[in-house]
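What follows is the residue order along each chain.
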Amino acid sequence: MSVIDTVSNFVNKHLPRSGRVIVGLSGGADSVALLVALVDAGVECVAAHCNFHLRGEESNRDHRFCEELCGRLGVELLSRDFDVAARQAETSESVEMACRSLRYDWWRGLIEAGKGDFIAVGHHREDNVETFFINLLRGSGITGLKGMLPVNGHVIRPMLQLSRPQIEEFLTSRGYTWVVDRTNLENEYRRNKLRNIILP
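Please read these numbers as outputs of a predicted model, since none were measured by experiment. (Residues numbered from 1 in each chain as written. Predicted model: local features only at pLDDT ≥ 70, side-chain atom pairs only at ≥ 80, totals over all residues. Heavy atoms only, no water.)

**Focus on the sheet that holds strand β3 (residues 76–81)**
In space, the six strands of this open sheet follow the order β3-β2-β1-β4-β6-β5, with mixed pairing throughout. The open sheet terminates on both sides in strands that have one partner only, identified here as β3 and β5 (151–152). On the sheet, helix α2 (residues 29–40) packs against β1 (20–24), β2 (44–51) and β4 (118–120) and is oriented at approximately 160° with respect to β1. Against the sheet, helix α5 (residues 95–112) contacts β1, β2, β3, β4 and β6 (155–156), and its axis sits at roughly 145° relative to β2. (Pairing = 2+ DSSP bridges. Helix = DSSP H or I, 4+ residues; strand = E, 2+ residues; numbered from the N terminus. Contact = heavy atoms within 4.5 Å. Axes fitted to C-alpha atoms, helices over the stretch in contact; angles between N-to-C directions.)

Printed below as a string of structure tokens:
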């Protein structure tokens, strides 16, 4: 099934007609495809971009890319700068977990402020497989041996049935580009080791 069909079917099944969706937009292929497909499906969207300032000029490049993409699509862009080091000092979280906490806390705040009804994230089939194995490696019991849910409270994942190659092919065929986070190619984090070494 195509990206458009998959996302449209998800929208028809799970979203009320009046629902407004906040799309977590990093500028990577997954989030770009999600935003494009939701707009194509006639969903009222607003994009939310986090700048963690962890990659110097590359972080600012991602923000500029998101501004240009949203301008092209006619979508409002909300953006916020974060101090990851300050969060880590307060909570002792890893960089990865600190970014996740800051991101989801902000998104929940946007819903509470009435900016949208749902948060849409661009997780896909491979992300779900990685999540299962991360839970397994953490020593999860039977109840925890699962991937991500398509709908989890206010968080929705319309592309869980799609593969990364399908997503990239969709964007290329539609004339859209995306940015690449170079840290995704590094194997410092557990998820990256699974993605880059073990699962292939």
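Structure's up, so let's keep going.
**What about the pattern of salt bridges?**
When charged atoms on two side chains of opposite charge get close, those side chains can pair. Tallying each qualifying case throughout the model produces twelve salt bridges. Linking E57 and R64 is a salt bridge whose minimum nitrogen-to-oxygen distance equals 2.5 Å. On the basis of relative accessibility, which here comes to 39%, the residue R64 falls in the partly exposed class. The residue R61 makes a salt bridge to D62 at a minimum N-O spacing of 2.6 Å. In this structure R61 comes out as partly exposed when scored by relative accessible area, which is 28%. Note on D62: relative accessible area 4%, which makes it buried. (Salt bridge = Lys/Arg side-chain N within 4 Å of Asp/Glu carboxyl O. Buried < 20%, exposed > 50% of the residue type's maximum accessible area, 1.4 Å probe, protein only.)

**Examining the environment of D117**
Mapped onto the elements of the fold, D117 is located in the loop between α5 and β4. The class for D117 is partly exposed, based on a relative accessible area of 35%. C-alpha separation for the pair D117 and G19, spaced 98 residues apart in sequence, amounts to 5.9 Å. Excluding its chain neighbours within four sequence positions, the residues that come into contact with D117 are S18, G19, R20, I111 and H154.

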